[in-house]
Amino acid sequence: MSFSQSFTSSPLSLTPQRRKSKFTFKHLSQLAASSTACPLRVIAHIDLDAFYAQCEMVRLGLPEDQPLAVQQWQGLIAINYPARKFGLNRHITITEAQKLCPKLICQHVATWKEGDEKWAYNEDAFKEMATRKVSLDPYRTESRKILALVKETLPAVPLQKVEKASIDEVFVDLSAQIHSILLKRYPELDGPPPYDDPTENLPRPSNTALNWDTDALVDLDASETEDDDPDWDDITMLIGSEIVRSVRLAVREKLKYTCSAGVAKNKMLAKLGSGHKKPNAQTIIRNRAVQQFMSGFKFTKIRNLGGKLGDQVVAAFNTDTVQELLEVPLEQLKKRMGDDTGGWLYNVIRGEDYSEVNPRTEIKSMLSAKSFRPTINEFEVGVRWLRIFVADIFSRLVEEGVLENKRRPKTINLHHRQVMQTRSKQAPIPQGKAMSEEMLFELSKTLLAQVVVDGKAWPCANLSLSVGGFEDGITGNKGIGGFLVRGEEAKAMLSNSSEVDYHGAEPPEKRRKIDDGGSNKFLLAREESSRGDSEQEFVGDLGVIEPHVDDPSIPPPSGQRSPPTVDDSENVAAATGLPRSLGIEEVTPLHSAKPNTTLLDQQSIETYLCKRCDAHVPVTEQSEHEDYHFAKDLQNEDRNSSTALRATQSTARPAPPRRGRGRGRPPGSGMVRAEKGQKRLAFG
DNA sequence: CGACCCCCG
DNA sequence: GACGGGGGTCG
């Protein structure tokens, strides 16, 4: 390993009160398996500092102390740290900002305009809000580079677990990697002496003082002192901080970006930690510091409690602090919030979070959107924006490798917002055909026509087009082990070259997805695997680090239990020995994939071309479409007759008769998210 | 599945 | 507030 050892042999000899560690050999194998129940687990959250602003700094090659803000129309969406010293924040106007900081550079984001083949940086884009749309592409590109470097810096796949959490954040489960390092550094841990007894406690770590280097260490809980013997969880945490420091260094040196990080036993704490000290710092929350760290927070800062749920908790218990909520008994939490949410809440404010790091770094959907100020009022105008959205999305699809058939979205989705109402329409993207910009455009027009047809659509305040349901394609090079098996590779080549058309049948060799397996879910404290075999039971052996709740903790919203994690510690252990560069080395495409050519014999949706709006409308909806134009004409007459009237009408007019789906519950009704068995809260 | 909702930065 | 992404439920 390249990072430096953080241990110095101890001059002070501590009294070895306990010969044994709190932790067992079982915990060690859980560590290898990245089990969410492992008390030695180490998770990192890495967060780029003022990311968009840093992107612009790097792109423009500005000196590091240059104050800079990223501008979007009349607002600022990111402010770098040099600028923050002047008291700038995100809710400030540009003129205020420039008054506070005369040297501030306000760099407008890149934009698309109609007819463009690509986004561009444009000096006075902000004057053209009505005709341009923002592009965040430059930031996605940088994000990809950084993510790739992070992955490169970490060991290859079996040991690597990286979750892209947003454009500027990742979670990393360091457990498996740390396990392998642990065995190398402490050979005494390698292989449990009593092979038949995983409950045997580990030997105490050798007597060393831990060198925490420049990391920000969180103050310890009241019951702990720095003089206490370190145990293995301190060691794993320290190794985690070394790894994270080396990752941050690489990002800094090679790509010029600074980031902040949190290292802790779970995602929630890691995330709180990364925000603890910024910029360009990392914070370690040792297990013995968790209570102290948590008690200082408002619980609304905790992931999932920042929104309506958090508000409800505040309302129910009349406090927003972790400290005070800790006094509320479990039963009360359950009574007021429901069993699942209450149980989850009880745990989370005690620093327990069993959610998994979801090893996913690719996006699942992409969206292009625009808010209209002023609103737009005609189908034709909407269609012009659709063309821009499609250009945007298509170019991003190309980057995703859609033309090479690496991945491909299954559905296309249009969201439409009127003043109050928001409606969306979705359609499958015909498979078996080559993806094309034109096809997406036609689909999107059809969707807009549908929206327009089935209810009042104007004035429209927002449109967004997205594609999603990405599926791995035929030439995918991201098999389970990061490679294709030989036989499969040949098949892949064959099927790729022959312009696949499955005619609805099961595609051959359906790509195994890197199973998200319920993903993000908040795992249980204990997994009572219904068949109570010993294959995988968890902590609690010695009452150490025991989950606090007597019953499963589930997510705030909608619990969905992940299945007990498979114990592949053997595989991992086997893997750790090897040098192993058998990862996801990007295999170059099998052949210089000329984009698929369109098949002519494809059965396509029968449409007619509306001469009034150029939309291809399914014949089955022709009459409705004509109705739409009829309604629109009436509307226009209406508008022309009195502008003043319209202004009042827009709020005073009774709700249109709703066809299709109604909107869920009334907003603000104080309902906890639709959750099975969830009760309505009393306070509303 | 399609439509809608919630949470996050 | 604008834009872009994640997750989930319900019928």
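Note that residues are indexed from 1 along each chain, following the sequence as it is written. Written order decides the labels, with chains lettered from A and ligands numbered from 1. Local features in this predicted model are restricted to residues whose pLDDT is 70 or higher, and side-chain atom pairs enter the listing and the counts only when it is 80 or higher, whereas totals over whole chains, interfaces and linings include all residues. The side-chain quantities take in all heavy atoms of the structure and omit both hydrogens and water.

1. A short note on unusual backbone geometry
Thinking step 1. A cis amide bond links Arg373 with the next residue in sequence, Pro374, at an omega value of 5°.
Thinking step 2. Here the bond from Trp458 into Pro459 is cis, since omega is 0°, no more than 30 degrees from zero.
Thinking step 3. Phi is positive for Ala50, close to 35°, though the residue is something other than glycine.
Thinking step 4. Looking at the secondary structure, you find Ala50 in the loop between strand S3 (43–48) and helix H2 (51–60).
Thinking step 5. In the Ramachandran plot, Asn280 falls in the positive-phi region, its phi being about 55° despite a non-glycine side chain.
Thinking step 6. Here a strand is any run of E in DSSP of at least two residues, a helix any run of H or I of at least four, and the numbering for each starts at the N terminus. Tracing the chain through its elements places Asn280 in the loop between helix H8 (267–274) and strand S15 (282–284).
Thinking step 7. A simple rule labels every residue: compare its accessible area, found with a 1.4 Å probe on the protein chains alone, to the largest value its type can have, and call it buried under 20%, exposed over 50%, or partly exposed in between. Look at Asn280 and you get partly exposed, because its relative accessible area is 40%.

2. Quick word on the packing of aromatic side chains
Thinking step 1. The criterion for an aromatic pair is that two Phe, Tyr or Trp rings (for Trp, the six-membered ring) have centres within 6.5 Å, with stacked assigned to planes under 30 degrees apart, edge-to-face to planes over 60 apart and tilted to the rest. Per the stated rule, a full pass over the model turns up seven aromatic pairs.
Thinking step 2. When the ring of Phe51 is compared with that of Tyr52, the centres are 6.2 Å apart and the planes differ by 55°; the resulting orientation is tilted.
Thinking step 3. The class for Phe51 is buried, based on a relative accessible area of 3%.
Thinking step 4. Ring geometry for Tyr52 versus Tyr139: centroids 4.3 Å apart, planes at 15°, classification stacked.

3. Some details on the side chain of Arg407
Thinking step 1. Relative to the elements of secondary structure, Arg407 occurs in strand S17 (residues 407–408).
Thinking step 2. Any N or O atom pair separated by 3.5 Å or less is treated as a polar contact, with the protein-specific requirement of one donor-capable and one acceptor-capable atom, and with residues adjacent in sequence counted only for side-chain atom pairs. A distance of 3.3 Å separates the side chain of Arg407 from the side chain of Glu362, its partner in a polar contact.
Thinking step 3. In terms of polar contacts, Arg407 uses its side chain to reach the backbone carbonyl oxygen of Ile363, at 3.0 Å.
Thinking step 4. Not counting residues within four places of it along the chain, the set of residues in contact with Arg407 comprises Glu362, Ile363, Glu400, Gly401, Val402, Phe470, Glu471, Asp472 and Gly473. Between two residues, a contact is recorded if the distance between any of their heavy atoms is within 4.5 Å.

4. Brief notes about helix H1 (residues 25–32)
Three- or four-residue spacings in an α-helix give side chains the same orientation, since the helix completes a turn every 3.6 residues.
Thinking step 1. Counting buried residues along H1, seven of its eight residues qualify, which places the element largely inside the surrounding structure.
Thinking step 2. Taken together, the buried positions of H1 are occupied by Phe25, Lys26, His27, Leu28, Gln30, Leu31 and Ala32.
Thinking step 3. Residue Thr24 occupies the N-cap position of H1, its side-chain oxygen lying 3.2 Å from the main-chain nitrogen of Lys26.
Thinking step 4. A positive phi of about 55° marks Ser34, the residue just after H1.

5. Some remarks on the sheet that holds strand S5 (residues 75–79)
Thinking step 1. Spatially, S5-S4-S6 is the arrangement adopted by the three strands of the open sheet, whose pairing is mixed. Of all strands in the sheet, those with a lone pairing partner are S5 and strand S6 (105–108), marking the two edges. Taking the axes of each pair of neighbouring strands and ignoring which way they run, one obtains an average angle of 35° across the sheet.
Thinking step 2. Note on method: axes are straight lines fitted to C-alpha atoms, helices fitted across the in-contact stretch only, with angles between N-to-C directions ranging 0 to 180 degrees. In the packing of H2 onto the sheet, contacts are made with strand S4 (68–72), S5 and S6, and the angle to S4 comes to roughly 110°. Strand pairing requires that DSSP identify at least two bridges connecting the strands.

6. A look at the pattern of salt bridges
When their charged atoms lie close together, side chains carrying opposite charge are able to pair.
Thinking step 1. In the sections that follow, a salt bridge refers to a side-chain nitrogen of Lys or Arg positioned within 4 Å of a carboxyl oxygen of Asp or Glu. Under the defined criterion, the tally for this structure stands at 30 salt bridges.
Thinking step 2. As a salt-bridge pair, Lys161 and Glu356 come within 3.5 Å of each other at their nearest N and O atoms. You can see Lys161 sitting in the loop between helix H5 (137–153) and strand S9 (162–166) and its partner Glu356 sitting in the loop between helix H13 (339–348) and strand S16 (365–376), a full 195 residues away along the chain. Accessibility classification places Lys161 together with Glu356 in one group, the buried group.
Thinking step 3. The partner of Arg245 in a salt bridge is Asp215, and the shortest N-O contact between them spans 2.9 Å. Placement of Arg245 in helix H7 (residues 232–255) and of Asp215 in the loop between strand S12 (208–210) and strand S13 (216–217) is noted, with a sequence separation of 30 residues between them.

7. Quick notes on the environment of Thr446
Thinking step 1. Structurally, the position occupied by Thr446 is in helix H15 (residues 437–453).
Thinking step 2. Judged by its relative accessible area of 12%, Thr446 is buried.
Thinking step 3. A C-alpha to C-alpha distance of 49 Å links Thr446 and Thr319, two positions 127 residues apart in sequence.

8. Description of the domain arrangement of chain A
Thinking step 1. Segmentation into domains, and thus their bounds, comes from an automatic or database assignment. As assigned here, chain A comprises domain 1 (51–136), domain 2 (296–361), domain 3 (365–472) and domain 4 (480–604).
Thinking step 2. In total, domain 1 and domain 3 occlude about 940 Å² of area from one another, counting both sides; carbon and sulfur atoms represent 58% of this.
Thinking step 3. Of all residues in domain 1, Trp112, Glu114 and Lys133 give up the largest surface area on contact with domain 3, accounting jointly for 61% of the area buried on that side.
Thinking step 4. Summed over the shared surface of domain 1 and domain 3, the result is two salt bridges. Put simply, buried area is the surface a 1.4 Å probe can reach on two separate parts but cannot reach once they are joined, added for both.

9. As for the side chain of Asn287
Thinking step 1. Tracing the backbone shows Asn287 in the loop between S15 and helix H9 (290–295).
Thinking step 2. Taking relative accessible area as the criterion, Asn287 reaches 13% and is therefore assigned buried.

10. Things to note about the packing of helix H6 (residues 175–185) against H7
Thinking step 1. Contact geometry for H6 and H7: axes closest at 10 Å, N-to-C directions at 110°. Comparing the axis directions of H6 and H7 gives the class roughly perpendicular. Crossing hand, H6 versus H7: right-handed. Contacts from Gln177, Ile178, Ile181, Leu182 and Arg185 in H6 reach Trp232, Ile235, Thr236, Ile239, Gly240, Glu242 and Ile243 in H7.
Thinking step 2. Note on residue categories: nonpolar means Ala, Val, Leu, Ile, Met, Phe, Trp, Tyr, Cys or Pro, charged means Asp, Glu, Lys or Arg, and polar means any other residue, Gly included. Of the residues in the contact of H6 with H7, the class split is seven nonpolar, three polar and two charged. Any angle that falls under 35 degrees is termed roughly parallel, while one over 145 is termed roughly antiparallel, one within 65 to 115 roughly perpendicular, and all others oblique. Here a crossing is taken to be left-handed if its near helix is turned anticlockwise relative to the far helix by less than a right angle, and right-handed if that turn runs clockwise.

11. Some details on the sheet that holds S16
Thinking step 1. Taken in spatial order, the four strands of this open sheet run S16-S20-S18-S19, and their pairing is antiparallel. Either end of the sheet is taken by a strand with one partner, and the two such strands are S16 and strand S19 (422–428). For this sheet, the mean angle separating the axes of adjacent strands, direction not counted, is 15°.
Thinking step 2. Two elements, strand S18 (residues 411–417) and S19, share seven bridges in a ladder whose sense is antiparallel. Across the sheet, the residue bridging to His416 is Arg423, located in S19.
Thinking step 3. Relative to the sheet, helix H14 (residues 379–399) contacts S16, S18 and strand S20 (460–468), its axis offset from that of S16 by approximately 155°.

12. What to know about the state of the cysteines
Thinking step 1. Two cysteine sulfurs form a disulfide in these notes if their separation is within 2.5 Å. Tallying each qualifying case throughout the model produces zero disulfides.
Thinking step 2. In this structure Cys55 is a free cysteine whose sulfur lies 13 Å from that of Cys259, the closest cysteine sulfur available.

13. Let's talk about the packing of H1 against H6
Thinking step 1. Here H1 crosses H6 at 125°, and the two axes come no closer than 7 Å. Taken together, the axes of H1 and H6 lie oblique to each other. The segment H1 lies against H6, with Leu28, Leu31 and Ala32 engaging Ser175, Ala176, Ile178, His179, Leu182 and Leu183.
Thinking step 2. For the contact of H1 with H6, the per-class residue count stands at seven nonpolar, two polar and no charged.

14. Describing the confidence of the model for chain A
Thinking step 1. Confidence of the predictor at the level of single residues is captured by pLDDT, which takes values from 0 to 100. When pLDDT is averaged along chain A, the result is 72; 66% of the residues meet or exceed 70.
Thinking step 2. Confidence over residues 8–16 falls short of pLDDT 50; this stretch has 11 contacts with residues more than four positions distant or in other chains.
Thinking step 3. Note on residues 476–684: pLDDT under 50 across the span, and 278 contacts to partners over four residues away in sequence or across chains.

15. Concerning the nonpolar core
Thinking step 1. By convention a nonpolar core is built from buried Ala, Val, Leu, Ile, Met, Phe, Trp, Tyr and Cys residues, the set being connected through side-chain atoms within 4.5 Å. Counting 59 residues, the largest nonpolar core has Leu174, Leu182 and Trp232 as the members making the most contacts within it.
Thinking step 2. The biggest single contributor to this core is H7, with 11 residues.
Thinking step 3. Judged by nonpolar contacts, the second largest core, of 39 residues, contains Trp385, Ala457, Leu463 and Leu465.

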